[in-house]
Amino acid sequence: MKLQLDQIIPDKTFLNAPFEQDPSKVDTPYAFIGIPYGPPYHFTDLTACALGPTEVRWESHRQNYALNWSHYDFDYGDALFPDGLPTVTDCGDLQGDVRDPDAIWEQGTDHIRKLVQKGTVPLVVGGFDSIPPIIAGAFESEVINILHVDSHLDFRHERYGVTRGYSSPIRRIREFPWVQDIVQVGLRGAGSARPEDVADALESGNKLFTAWDIHNRGPEAILDALSAKGRWVITIDCDGLDTSIAPAIGAREPGGLTFHEIRTLVAGLANQNKVAALVFTEYQTAKDIQAITAHTITRLMLNVIGAQRSPKPEVAFVA
Ligand SMILES: [Mn+2]
């Protein structure tokens, strides 16, 4: 028997935006959506990040962004919603079936595809880092590029016999023929990658920048490397960021991207109307400190919404 879940309406929506669970009815340029888990290795993978979207919604209220739609924001030099009309819809959280957790892959892609087909830019909060292919998989009709921010490579073919787990998302994305450039930023320390995985990533054309590259060369130099035609799916594993702005993670490594560095990359693409989706993964709410991680996620989403008023012009269609 298929599990039937009632629609769960968030008690507070992101930025106090209107709620619409059916993605085919969304008519705003942006949609906030929670994907609470991806294909798991272990049952706790279903729950560790599940409250992330809720916490980001709450942070948008605690910081009064949800109230002050008309206040000037110095990050993008304008009000969030200058004419008083929200450009974001809150689509709630995807209701997966915990008795069939791998099914969230197809369910999630179907859901995101409906937003993409309407020209809406998904703003996603995960979920462990197995969710990025769920979003990238919804762009079949468009040439897209991937900016992956992470301390880890995530390019293993499989782990524990699972090929769609959180050590493999960039490998799975590389298999999508509509994906062009993949730029991986923030790499440092040691994770699940072996030397042959790094060789495979480079051979497949991925451009790799360590965290030390970005600290030494500056974020503008990395932004210059994001010059490919077409839009970008930006997917940020919170452990790619510095612990001072994203403490709520499982695999901590010193030396991640500062807020200035990540904002330069995200706002830089948004200013060119080149953000196709913005995705955050690995935000484990129980490990947050005074909602610092939720605040970082909220601010980066605001930097896209505020800078990128009209997301459609830069779309490059698959020939
Ligand atoms: Mn990671």
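Our structure's up above, just so we're on the same page.
The rules behind each value
- Residues numbered from 1 in each chain as written.
- Predicted model: local features only at pLDDT ≥ 70, side-chain atom pairs only at ≥ 80, totals over all residues.
- Heavy atoms only, no water.
- Buried < 20%, exposed > 50% of the residue type's maximum accessible area, 1.4 Å probe, protein only.
- Helix = DSSP H or I, 4+ residues; strand = E, 2+ residues; numbered from the N terminus.
- Pairing = 2+ DSSP bridges.
- Axes fitted to C-alpha atoms, helices over the stretch in contact; angles between N-to-C directions.
- Contact = heavy atoms within 4.5 Å.
- Polar contact = N/O pair within 3.5 Å; in protein donor to acceptor, adjacent residues only side chain to side chain.
- Phe/Tyr/Trp six-rings, centres within 6.5 Å; stacked < 30°, edge-to-face > 60°.
- Lys NZ or Arg CZ within 6 Å of the ring centre and 35° of its normal.
- Donors = N, O, S within 2.8 Å, 3.2 Å for Na, K, Ca; no water.

Asker: Which residues make up the pairing of strand β4 (residues 88-93), and what are the values?
Answerer: Burial of β4 is extensive: 6 of the 6 residues sit out of reach of the surface. With 4 bridges connecting them, strand β1 (residues 30-35) and β4 associate as parallel partners. The residue of β4 that forms the bridge with Gly-34 is Asp-93.

Asker: Talk me through the sheet that holds strand β7 (residues 179-187); I want residue IDs and the actual numbers.
Answerer: Spatially, the 8 strands line up as an open sheet ordered β4-β1-β5-β10-β9-β6-β7-β8, and their pairing is parallel. The open sheet has two edge strands, β4 and β8 (207-210), and neither has a second partner. In this sheet, neighbouring strand axes are inclined to one another by 15° on average, regardless of whether the strands run parallel or antiparallel. Pairing analysis gives 3 bridges linking strand β5 (residues 121-126) to strand β10 (residues 275-281), with the strands arranged parallel. Paired with Val-125 across the bridge in β10 is Phe-280.

Asker: Talk me through the environment of Glu-261; I want residue IDs and the actual numbers.
Answerer: By the secondary structure assignment, Glu-261 is in helix α8 (residues 259-271). The spatial distance from the C-alpha of Glu-261 to the C-alpha of Phe-209 is 13 Å, given a sequence separation of 52 residues. Setting aside its immediate chain neighbours within four residues, Glu-261 contacts Ile-214, His-215, Pro-219 and Gly-256. Only 3.0 Å separates the side chain of Glu-261 from the backbone nitrogen of Thr-258, close enough to count as a polar contact.

Asker: Explain the packing of aromatic side chains to me, using residue names and the numbers behind them.
Answerer: Under the counting rule described, the total for this entry stands at 7 aromatic pairs. A ring pair is formed by Trp-69 and Phe-81, whose centres lie 4.9 Å apart and whose planes are at 85°; its orientation type is edge-to-face. Placement of Trp-69 in the loop between α1 (52-62) and β2 (72-73) and of Phe-81 in the loop between β3 (78-79) and β4 is noted, with a sequence separation of 12 residues between them. When sorted by exposure, Trp-69 lands in the same class as Phe-81, which is buried. With 4.9 Å between their ring centres and 70° between their planes, Tyr-72 and Phe-74 make a pair best called edge-to-face. Residue classification places Tyr-72 among the exposed positions, given a relative accessible area of 52%. A relative accessible area of 73% means that Phe-74 is categorised as exposed. A cation over an aromatic ring shows up here: Lys-12 above the ring of Trp-58, its NZ or CZ 5.3 Å from the ring centre.

Asker: Tell me about the coordination of the manganese ion, and please be specific about residues and values.
Answerer: Protein ligation of the manganese ion involves Asp-150 (OD), His-152 (ND1), Asp-237 (OD), Asp-239 (OD) and Asp-239 (OD), the donor distances falling in the range 2.2 to 2.6 Å. When the donors of the manganese ion are listed by position in the chain, the intervening gaps give D-x1-H-x84-D-x1-D. Of this pair, His-152 sits in the loop between β6 (144-149) and α4 (169-174) while Asp-239 sits in the loop between β9 (231-237) and α8; the two residues are 87 residues apart in sequence, bridging distant segments of the chain. Since its relative accessible area comes to 16%, His-152 is described here as buried.

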